[in-house]
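Coordinates in review
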Amino acid sequence: MTDNPISFTQGLQDSIFNYWNNFVESLPRIVLAILILVVFYYVAKYLSKLIRRRFLTADHDPLFVNFLSKTSKFVFIIVGVIFAMQTMGLSGVAKGLLAGAGISAFIFGFAFKDIAENFLGGLILAFNRPFSLDDTIQIRDFTGHVKALNFRTTHIKTFDEKDVFLPNSIVVKEPVTNFTRDGQIRLDFVVGIAYEDDITEAISLIFKT
């Protein structure tokens, strides 16, 4: 027994008509969701530029500043997408995305504990700023100039031209001696003179030098 072509056509028309009605009813929410996405996108873009201008003028590492600006922009856009989904009535999908993001963050955070610890250490150093680029610092047995603050490491150039990359977690936990914080440095050293030399003349020569 075959289906009636007329009833099949009528059912197809009814389905199309229902879909169209649902689309028209949802059109205001769709427009509002698109508007929310546009607003969040431009706010995220402005926030990214603001972070780039603010921290690049404060002698932060450009690599870290670029990463921070891109991360903030990405997170803000994701928040906008979730708000847009809730506006369109897709709150279930939005909750699923949030749950998936939370589980993924937990898994990656546990698997890459050291990487996450060093990255958070880099964040603390970037905002706390115990040193700036080209400062002379000492951490443990390493003394040299700060060349870069990366995602995982702090790059130090020692006086004998060695490149030392210290994990940021160590830099945060260990005492940091900054010799050039205020632009001044004091050096103590001993000057020896012979018994037959004139002490007054030696002192005068030291002050003159």
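Since the model is a prediction, treat every value here as computed from it, not as a measurement.

Below, the discussion takes up the overall build of the protein. In terms of regular secondary structure, the protein is built from 6 helices and 5 strands. Along the chain direction, N to C, the helices and strands of the protein fall in the order α-α-α-α-β-β-β-β-α-β-α. Relative to its full complement of 209 residues, the protein shows a buried share of 24%.

So, about the nonpolar core. When a protein is soluble and globular, its nonpolar side chains tend to lie buried together. One finds Leu125, Phe131, Ile137, Ile139, Val146, Leu149, Ile156, Val164, Leu166 and Val171 forming the largest nonpolar core, which totals 10 residues. For this core, the secondary structure elements donating two or more residues are strand E1 (136-139), strand E2 (142-149) and strand E4 (163-167).

Here we come to the sheet that holds E1. Spatially, the 5 strands line up as an open sheet ordered E4-E3-E2-E1-E5, and their pairing is antiparallel. Unpaired on one side and paired on the other, E4 and strand E5 (176-178) mark the two borders of the sheet. Across the sheet, the mean angle separating the axes of adjacent strands is 40 degrees when strand polarity is ignored. Pairing of E1 with E5, which is carried by 3 bridges, proceeds in the antiparallel orientation. When the bridges of E5 are listed, Ile137 appears paired with Asn178.

Between side chains of opposite charge, a pair can form as their charged atoms come close. Tallied over the full model, the rule gives 5 salt bridges. We note a salt bridge from Glu174 to Arg140, for which the minimum N-O separation is 3.3 Å. Residue Glu174 is found in the loop between helix H5 (168-173) and E5, and its partner Arg140 is found in the loop between E1 and E2; the two are separated by 34 residues along the sequence. Here Glu174 falls in the partly exposed class, since its relative accessible area comes to 27%. Assessed through its relative accessible area of 47%, Arg140 is described here as partly exposed. Residues joined by salt bridges that share partners form a network here, namely Lys157, Glu161 and Asp163.

Judged by which residues are buried, E4 turns out to be one-sided: Val164 and Leu166 face inward and are buried, whereas Asp163, Phe165 and Pro167, on the alternate face, are not. Pairing geometry for strand E3 (residues 153-158) and E4, over 5 bridges, is antiparallel. Looking at the pairing, His155 lines up with Phe165 of E4. The turn joining E3 and E4, which pair antiparallel and follow one another in sequence, is formed by 4 residues; a positive phi near 65 degrees is taken by Glu161.

Bringing the packing of aromatic side chains into the picture now. This model, assessed by the stated rule, comprises 3 aromatic pairs. Measuring from ring centre to ring centre gives 5.3 Å for Phe40 and Phe76, while their planes differ by 35 degrees; the resulting arrangement is tilted. Pair noted here: Phe40 is in helix H1 (residues 5-56) and Phe76 is in helix H2 (residues 62-87), with a separation of 36 residues, a long-range link. What makes Phe40 buried here is its relative accessible area of 18%. By relative accessible area, which is 28% here, Phe76 ends up partly exposed. Their ring planes at 80 degrees and their centres at 5.4 Å tell us that Tyr41 and Tyr42 sit as a pair that is edge-to-face. Using a relative accessible area of 53% as the deciding quantity, one classes Tyr42 as exposed.

Next up on the list: the environment of Leu125. When you line up the elements, Leu125 lands in helix H4 (residues 113-128). Distance in space between the C-alpha atoms of Leu125 and Val172 is 7.1 Å, their sequence separation being 47 residues.

Our next topic: a nonpolar patch on the surface. On the surface, Ile185, Leu187, Phe189, Val191, Ile193, Ile199, Ile203, Ile206 and Phe207 cluster together into a nonpolar patch covering about 1,000 Å² of accessible area. Locating Phe207 in the fold gives a position in helix H6 (residues 199-208).

If a strand is regular, its side chains alternate between the two faces of the sheet. Of all 6 residues making up E3, 5 are buried, and the element is well covered by its neighbours. Between the antiparallel neighbours E2 and E3 lie 3 residues.

Now for the side chain of Asp135. Following the sequence through the fold, Asp135 ends up in the loop between H4 and E1. Within the structure, the side chain of Asp135 is placed 3.5 Å from the side chain of Thr180, a separation counted as a polar contact. Discounting residues that sit within four places of it in the chain, Asp135 has contacts with Gly144, His145, Val146, Asn178 and Thr180.

Thresholds applied
Counting starts from 1 at the beginning of each chain's written sequence and moves along it residue by residue. Residues qualify for local features only when their pLDDT is at least 70, as the model is predicted, and side-chain atom pairs are given and counted only at 80 or more; totals for whole chains, interfaces and linings, by contrast, use all residues. To obtain the side-chain values, all non-hydrogen atoms of the structure were used and water was disregarded. A helix here means a DSSP run of H or I that spans at least four residues, while a strand means a run of E at least two residues long, and both kinds are numbered starting from the N terminus. Under the scheme applied here, a residue whose accessible area is under 20% of the maximum for its type counts as buried, over 50% as exposed, and between as partly exposed, the area being computed with a 1.4 Å probe on protein chains only. Definition used in this section: a nonpolar core is a set of buried Ala, Val, Leu, Ile, Met, Phe, Trp, Tyr and Cys residues joined via side-chain atoms within 4.5 Å. By definition, two strands form a pair when at least two bridges between them are found by DSSP. Lines fitted to C-alpha atoms define the axes, with helix axes restricted to the stretch in contact, and inter-axis angles between N-to-C directions lie between 0 and 180 degrees. By convention in these notes, a salt bridge is any Lys or Arg side-chain nitrogen within 4 Å of a carboxyl oxygen on Asp or Glu. Pairing of aromatic rings covers Phe, Tyr and Trp, the last through its six-membered ring, and needs centres within 6.5 Å; plane angles under 30 degrees mean stacked, over 60 mean edge-to-face, and all others mean tilted. Distance thresholds for patches are 9 Å for like charges and 5 Å for nonpolar side chains (Val, Leu, Ile, Met, Phe, Trp, Tyr), applied to residues having over 30% relative accessible area and no salt bridge. Method for areas: the Shrake-Rupley scheme with a 1.4 Å probe, in which residue coverage is limited to the protein chains shown. Polar contact is the term for a pair of N or O atoms within 3.5 Å; when the atoms are in protein, one must be able to donate a hydrogen and the other to accept it, and sequence-neighboring residues count only if both atoms are side-chain atoms. In what follows, a contact means two residues having at least one pair of non-hydrogen atoms within 4.5 Å.

Function cannot be inferred from these measures alone, as they are strictly geometric.
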